[in-house]
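Working through the structure, step by step
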Amino acid sequence: MQNIYAPISVKIAKIEEHSPSVKLFRLKRTDGKKFSAQKNGLIFTPGQFVLAGVWGYGEAPFGPASDPLNRNHIDIVVRKIGQTTSALHHMKEGSKITLRGPYGNGYPIENFLGKDIIMITGGCGLPPIAALIEYIINNRAKFGIVHLLYGASTPPDLLMKNRMKFWQKNIQIMLTVDKPICNWEGRTGLISECLLELKINPANTMVAMCGPGPMVNALEHLLNPMGISDKRIFISMERKMQCGVGRCQHCVTGNKYVCADGPVFNLDEIDKNWD
Ligand SMILES: Cc1cc2nc3c(=O)[nH]c(=O)nc-3n(C[C@H](O)[C@H](O)[C@H](O)COP(=O)(O)OP(=O)(O)OC[C@H]3O[C@@H](n4cnc5c(N)ncnc54)[C@H](O)[C@@H]3O)c2cc1C
Ligand code: FES
């Protein structure tokens with residue numbers, strides 16, 4: 001019988017420092033094989049999560065940030081916050097960790113085809129949105145106008161800056177920071193101010209969000225008056241997780257398991273289940 005908790009062994013092929021507390025880890029299988037594709041041809045659907053494990057410390061969920069069509073590696077972008085993430089931050093290129101998943105549902109890409117897309121994220125909510133951006137750019141003709149609105153506390157906290165330069169050639173990007181230190185010449189202010197500047201066709205627009213709860217709550221109240229109904233808004237939720245597969249009840253919110261029913265929820269669905 002298949003063990004649903006059995007991880008694979010992966011090695012850290014590359015580490016990039018993205019901010020004082022955030023690093024990107026490029027993971028490759030230690031057996032030299034490529035990652036397996038799912039039925040939809042992707043190794044994970046943008047918005048799904050993997051559980052990365054460090055021997056002696058534990059496992060933690062991360063939304064992969066890389067191109068879901070690239071079977072050679074998976075990138076995770078990790079903020080150092082506690083036990084497992086600190087252990088990861090101490091690891092070197094070549095170190096081995098474990099990986100299981102992908103788990104959860106991901107963004108409903110099929111509903112996004114042919115539509116204008118607004119992706120909104122803040123802080124360390126960028127990784128799952130990054131994978132969605134990579135997917136959209138790989139299939140650019142299948143989507144309409146695509147916006148990314150991304151905010152961070154300070155300019156050094158903006159993640160994936162190199163990738164951002166490539167994305168800017170393919171989609172419309174607005175970056176904003178709370179505190180304009182380090183000679184920042186870009187925007188200062190709330191992500192909601194960026195949203196209000198967009199000229200959109202609400203009937204043809206889908207929204208994907210991932211970020212801190214207060215940001216999501218504030219934006220929810222702006223999107224409806226812009227003509228975008230809850231049914232067109234998808235958010236990725238974060239909860240503490242353990243099993244990752246709907247068995248342990250660690251991630252319950254309302255009557256939903258964030259790991260198995262989410263982590264991506266339609267706003268219409270989550271409003272009735274938020275705890
Ligand atoms: C679906 C999903 C995707 C995620 N993707 C990313 C990602 O791409 N990059 C990233 O950096 N982080 C991501 N996270 C958050 C990440 O999983 C946690 O930061 C991590 O589990 C912390 O583990 P730790 O052992 O270092 O912290 P711990 O030692 O377990 O905890 C340290 C502190 O953080 C709190 N905490 C831990 N996990 C969470 C959580 N999920 N939500 C709220 N508070 C928490 C604890 O209560 C404690 O106060 C994601 C979480 C989920 C559920
Ligand atoms: S993490 Fe165990 S039920 Fe969701």
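Residues numbered from 1 in each chain as written. Chains lettered and ligands numbered in written order. Predicted model: local features only at pLDDT ≥ 70, side-chain atom pairs only at ≥ 80, totals over all residues. Heavy atoms only, no water.

Here His73 is to be found in the loop between strand 4 (58-62) and strand 5 (74-79). Assessed through its relative accessible area of 11%, His73 is described here as buried. In this structure, the C-alpha to C-alpha distance between His73 and Phe25, residues 48 residues apart in sequence, is 9.9 Å. Beyond its immediate stretch of four places on either side in the chain, His73 contacts Arg26, Leu27, Lys28, Phe35, Ile43 and Ser66. (Helix = DSSP H or I, 4+ residues; strand = E, 2+ residues; numbered from the N terminus. Buried < 20%, exposed > 50% of the residue type's maximum accessible area, 1.4 Å probe, protein only. Contact = heavy atoms within 4.5 Å.)

Our focus in this paragraph is the sheet that holds strand 5. If you trace the six strands from one edge of the open sheet to the other, you get 4-3-6-1-2-5, paired in antiparallel fashion. Here the strands that pair on one side only, and so sit at the sheet edges, are strand 4 and strand 5. Each strand of the sheet is rotated relative to its neighbour by a mean of 40 degrees, with strand direction disregarded. Across four bridges, the pairing between strand 1 (residues 8-19) and strand 6 (residues 96-103) is antiparallel. When the bridges of strand 6 are listed, Ile8 appears paired with Leu99. (Pairing = 2+ DSSP bridges. Axes fitted to C-alpha atoms, helices over the stretch in contact; angles between N-to-C directions.)

This part covers the pattern of salt bridges. Counted according to the given criterion, the structure contains eight salt bridges. A salt bridge links Asp31 to Arg29; the nearest nitrogen and oxygen atoms lie 2.7 Å apart. For Asp31, a relative accessible area of 42% corresponds to the partly exposed category. (Salt bridge = Lys/Arg side-chain N within 4 Å of Asp/Glu carboxyl O.)

With that settled, consider the domain arrangement of the protein. The domain architecture assigned to the protein consists of domain 1 (8-103) and domain 2 (109-236). Summarising the inter-unit geometry, the C-alpha centres of domain 1 and domain 2 are found 23 Å apart. Each partner contributes residues to the interface: domain 1 has 19 residues there, and domain 2 has 17 residues. Between domain 1 and domain 2, a total of about 1300 Å² is buried, with carbon and sulfur atoms accounting for 69% of that surface. The tally of links from domain 1 across to domain 2 stands at two residue pairs in polar contact (both at pLDDT 80 or more). The set of elements that each furnish at least two residues to the side of domain 1 that touches domain 2 consists of strand 1, strand 2 (22-29) and strand 5. Grouping the amino acids of the side of domain 1 that touches domain 2 by side-chain chemistry returns 11 nonpolar, six polar and two charged. (Domains from an automatic or database assignment. Buried area = accessible area lost by both parts, 1.4 Å probe. Polar contact = N/O pair within 3.5 Å; in protein donor to acceptor, adjacent residues only side chain to side chain. Nonpolar A, V, L, I, M, F, W, Y, C, P; charged D, E, K, R; others polar.)

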